[in-house]
Amino acid sequence: MRRNSLSHSIRRIVPTTLAAFALFGGTAAVLPADAVAAGRTQPDLLVDLMTTDVLNPAEGETFTAQIDLRNYGNGDSGPVEVTVSVPAGLRTTTPYAGSGWNCTVTSATSYSCAYPQLLAGARNRLNVPFEVAGATPGTTVPITATIAPVKHESNADNNTGSVTVAISGTCVVRGVVWQDLDRDGQREEGEPAVGPEGVLRVSLLARQGQAIGGGSTTVNPDGTWSITARTELLYQVRIEVTSQYGRTVANVGDDATDSDLVTTYQTEPTVLLGGTEFDAHHGGEYVVDAGLVS
Ligand SMILES: [Ca+2]
Ligand SMILES: [Ca+2]
Ligand SMILES: [Ca+2]
């Protein structure tokens, strides 16, 4: 591009821009009403995320609500004060010390927690302990944290966050292990049970890291097994059998008499088979039957 061509383009653009500015009624002296405030630094505290260290606490147990706070603004906050609600079914216990936070039990239904200040852009985690007391198993209870707006805060609409915690109950997971002689995926008269000589172990795996639950057992001589376990989490049944067996086809025909093992995890030195992941709720009974073929 030749030099004089470029300067010609610029001359054309400048008047157009000025015309557009005039069109919007602007002069350089007219600024938005909040421009003075915008020129200052402003904190903006927010509840970024709330989690609990245990997904499914049970009656009498203690867990921690983890409240991640942030100053999203460009100004330091000054003293921070957070109110954490204690819903029915939970109760306060001794607050943690030593994190810089100072929490006190203000009433049966809330904690009040103070922190010296969050600098612009800073994050911090507030940990608040709860005890499950009188909650109905299988229900969820909400915990809410609210940051009191600080001076000059630019947005107070994001100062509240919440998390729900599911209260564990109990369920029964059970099944029968049998040999599917005709390999049709259905348990029929005359097809024998596989007892402890063939089934080494039945395990109930809790698949979420922060959930408490699970268990294991062995089968009875008639191939039946049963585990009573905690609820409000995801489970998977795994059955370990001797290497002469494999699994028959899964989910064929009547669910009451079919095989519910869908995955083979290993075949040596023992055979490890698994069912489908399921959500376990209080009072539930979950049946995972296993048809084996040799
Ligand atoms: Ca805010
Ligand atoms: Ca059969
Ligand atoms: Ca079934």
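Here's a quick rundown of the structure.

Calculation criteria
Residues numbered from 1 in each chain as written. Chains lettered and ligands numbered in written order. Predicted model: local features only at pLDDT ≥ 70, side-chain atom pairs only at ≥ 80, totals over all residues. Heavy atoms only, no water. Salt bridge = Lys/Arg side-chain N within 4 Å of Asp/Glu carboxyl O. Helix = DSSP H or I, 4+ residues; strand = E, 2+ residues; numbered from the N terminus. Buried < 20%, exposed > 50% of the residue type's maximum accessible area, 1.4 Å probe, protein only. Pairing = 2+ DSSP bridges. Axes fitted to C-alpha atoms, helices over the stretch in contact; angles between N-to-C directions. Donors = N, O, S within 2.8 Å, 3.2 Å for Na, K, Ca; no water.

Throughout the structure, instances matching the rule amount to eight salt bridges. Between Glu131 and Arg91 there is a salt bridge, with its nearest N and O atoms 3.1 Å apart. Taken together, the residues span a long stretch of sequence, with Glu131 in strand E7 (residues 123–132) and Arg91 in strand E4 (residues 90–92) at a distance of 40 residues. Given the relative accessible area of 44%, Arg91 is considered partly exposed.

Judged by pairing direction, the sheet is antiparallel, and its five strands sit side by side in the order E5-E6-E3-E8-E9 without closing on themselves. Each edge of the open sheet is held by one strand with a lone partner, namely strand E5 (102–107) and strand E9 (160–166). Averaged over all pairs of adjacent strands, the angle between strand axes in this sheet comes to 20°, irrespective of strand direction. Pairing analysis gives six bridges linking strand E3 (residues 80–85) to strand E6 (residues 110–115), with the strands arranged antiparallel. Residue pairing across strands places Ser85 opposite Ser110, the latter belonging to E6.

Moving on, we come to the coordination of the calcium ion (ligand 2). Binding of the calcium ion (ligand 2) to the protein goes through Asp180 (OD), Asp182 (OD), Asp184 (OD), Gln186 (O), Glu188 (OE), Glu191 (OE) and Glu191 (OE), at separations of 2.1 to 2.7 Å. Taken in sequence order, the residues that donate to the calcium ion (ligand 2) follow the motif D-x1-D-x1-D-x1-Q-x1-E-x2-E. Taken together, the residues Asp180 in the loop between strand E10 (170–179) and strand E11 (199–206) and Glu191 in the loop between E10 and E11 connect sequence positions eleven residues apart. Taken individually, Asp180 and Glu191 each receive the classification buried, so the pair is uniform in this respect.

On the basis of which strands lie adjacent, the open sheet formed by four strands has the order E1-E2-E7-E4 and antiparallel pairing. The sheet is open, and its two edges are formed by strand E1 (45–52) and E4, each paired on a single side. Averaged over all neighbouring strand pairs, the angle between strand axes comes to 40°, with direction disregarded. Pairing of E1 with strand E2 (residues 62–71), which is carried by seven bridges, proceeds in the antiparallel orientation. Counterpart to Leu45 in the pairing with E2 is Asn71.

In short, shape yes, function no, at least from these values alone.
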